[in-house]
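Read off the chains here:
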Amino acid sequence: MNIISWYNQNRTKVWVYIIAAIVVLLLLWRFSYTMNNNKIEIQETNIPYKNEDNLNSIVLSSGKSAITGTSDSISKEKITVIDDFISYCNSANIQAAYNLLSNECKEEMYNDLKSFEVTYYKPIFSKGKRNVNVENWFGDTYKVDYTEDYLAMGRYSESNNIRDYITIVTDSDNNSKLNINKYIGRTELDKIGKTGDLEVKVTRKDSYMDYEKYTFVFKNGYNHKVLIGKIEDDENVSYLVDKNNIKYNAIVSKLSEADLLLYEKQTKTIQINYYNQYSSTRRINRVEFPRIYLNYQAYLNNQNNNIYSEYGSIQIEV
C-alpha cells in the first residue's frame, strides 16, 4: 500500500526516469551499431585486392582503374611482366630486368645496361629488396610504389619510398615489354607544315606523365639563316593546342638559340618538350610555331628591330 501511494505521489518523476533510461539505451545502441558498421567498412577498405595470379614480388591494391574507377581486366601475361621485372631487380639480375624494357624506352633513356643500372636500378634497389604496390592507373599504365622491406631492413622510412608509372606495351613480335620511369610511349607521326621556303615535318611524339616530346625535321630552303623562335620570347617559340583551344607551351629552358637556328639550305632534327601532362581524355589537335624569323641575318643587321617584318608561322595538324 505504501508503494502504491508513493508511486501515485511520484508518478511524473518515475516516468521521466523510465523514458530517459530508454532514450539513453537507444542512443548507446545506435552508437554501437554505427561504430561496428564503420569498423566493417574500414576493414573492407583495407582488404587488398585479391588476384588469382601467382605474383611473387608485387601486390595489386585494387582491381579498378584509379582514374575511371571502373573495373579493368588485368591479364595474367601483362601483369606478370611487371612482376618479373621487380623480381629481377630485387634479386639483382639487372640484365634480365633490362631485357624487359621496350626498344623505345631504351632509346629514350637507357641506351645501354650501364645507364639503366646507374640511373634507375641503383637509386631504387641499391639498399636492398623492395616491397612493391601496384595499381592500375589507366589502360596499360600502372602506378608503382616502391617501399622499403622494413622486415629485412629492421627499420622503416617514408623518405625512401619512390613512385613510378610503368606502362605495358607490345613489341613487333607480340611480346609484352615495359616503359618505365614515367615514360608512357611513342606515337609515330608524319605531318608536314610549310611557310615560304621553310618546311617542317613532325615525325613522332613521346609521351611522359609530366610532359610530351615532339621530334621535328626542319628543311631550310633559303640562302640565309632562319630562327624558329627567340628563347626570350618563350610564349611564341612553339606550343600545342588541344580540342578546347588551350595552349601548352614549349619548355624553352631545355633549348638554346643554337638549337633553334637553321643555316642556309640546312636540314635539322629538333626535339622540343611541351608542358603537357599525360591525360587519358586530352586531345591535341595541332602544334604551332607562331613567330619564325625567316631572315634572321636581316633581323640581326637591322638596327631597329621594331620594323623587321619577315616573319612566318606554321600550324601542323597532329
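For the structure itself, consult the block above.
Residues numbered from 1 in each chain as written. Predicted model: local features only at pLDDT ≥ 70, side-chain atom pairs only at ≥ 80, totals over all residues. Heavy atoms only, no water.

**Focus: unusual backbone geometry**
Keep this limit in mind: Helical segments are the DSSP runs of H or I of at least four residues, strand segments are the runs of E of at least two, and each set is numbered from the N terminus. Working definition: with a 1.4 Å probe on protein chains only, accessible area under 20% of the residue-type maximum means buried, over 50% means exposed, and in between means partly exposed.
Not every positive phi belongs to a glycine, and Asn-174 is a case in point at roughly 65°. When you line up the elements, Asn-174 lands in the loop between strand E4 (162-170) and strand E5 (176-179). We note that Asn-181 has phi near 60°; this positive angle belongs to a residue other than glycine. Residue placement: Asn-181 occurs in the loop between E5 and strand E6 (183-195). The class for Asn-181 is partly exposed, based on a relative accessible area of 34%.

**Comments concerning the pattern of salt bridges**
For clarity, the cut-off: Between Lys or Arg on one side and Asp or Glu on the other, a salt bridge is scored when a side-chain nitrogen of the former is within 4 Å of a carboxyl oxygen of the latter.
According to the stated counting rule, one finds 14 salt bridges in the structure shown. Between Lys-230 and Glu-232 there is a salt bridge, with the nearest N and O atoms lying 3.6 Å from each other. Given the relative accessible area of 13%, Lys-230 is considered buried. What emerges from the salt-bridge pattern is a single network uniting Glu-107, Glu-108, Arg-186, Arg-204, Asp-206 and Lys-213.

**Notes on the nonpolar core**
Basically, it comes down to this: Note on terminology: a nonpolar core comprises buried Ala, Val, Leu, Ile, Met, Phe, Trp, Tyr and Cys residues joined through side-chain atoms within 4.5 Å. It only takes one pair of heavy atoms within 4.5 Å for two residues to be counted as in contact.
Ranked by internal contacts, the top residues of the largest apolar core, which has 35 residues, are Leu-198, Phe-216, Phe-218, Tyr-274 and Phe-289. Elements with a minimum of two residues in this core: strand E7 (198-208), strand E8 (212-220), strand E9 (226-227), strand E12 (261-262), strand E13 (267-274), strand E14 (284-293), helix H9 (296-301) and strand E15 (311-317). At five residues, E14 tops the list of elements feeding residues into this core. Among residues more than four places away in sequence, those in contact with Leu-198 are Gly-193, Phe-218, Lys-219, Asn-220, Tyr-222, Val-226, Ile-228, Leu-262, Ile-292, Leu-294 and Ile-314.

**Digging into the packing of aromatic side chains**
The geometry of an aromatic ring pair comes down to the distance between the two centres and the angle between the two planes. Applied cut-off: Centres within 6.5 Å make a pair out of two Phe, Tyr or Trp rings, where for Trp the six-membered ring is used; the pair is then stacked when the planes are under 30 degrees apart, edge-to-face when over 60, and tilted otherwise.
If you walk through the whole model with that rule in mind, you get 23 aromatic pairs. With a centroid separation of 5.8 Å and an interplanar angle of 45°, the aromatic rings of Tyr-98 and Phe-116 are classed as tilted. Here Phe-116 lies in helix H6 (residues 113-125) and Tyr-98 lies in helix H4 (residues 94-99), a separation of 18 residues in the sequence. This pair shows no difference in class: Tyr-98 is buried, exactly as Phe-116 is. Between Tyr-293 and Tyr-299 the ring centres are 4.9 Å apart and the planes differ by 70°, which places this aromatic pair in the edge-to-face class. Taken as a pair, Tyr-293 and Tyr-299 share a single burial class, namely buried. One aromatic cluster is present, built from ring pairs that chain together Phe-85, Tyr-98, Tyr-110, Phe-116 and Tyr-120.

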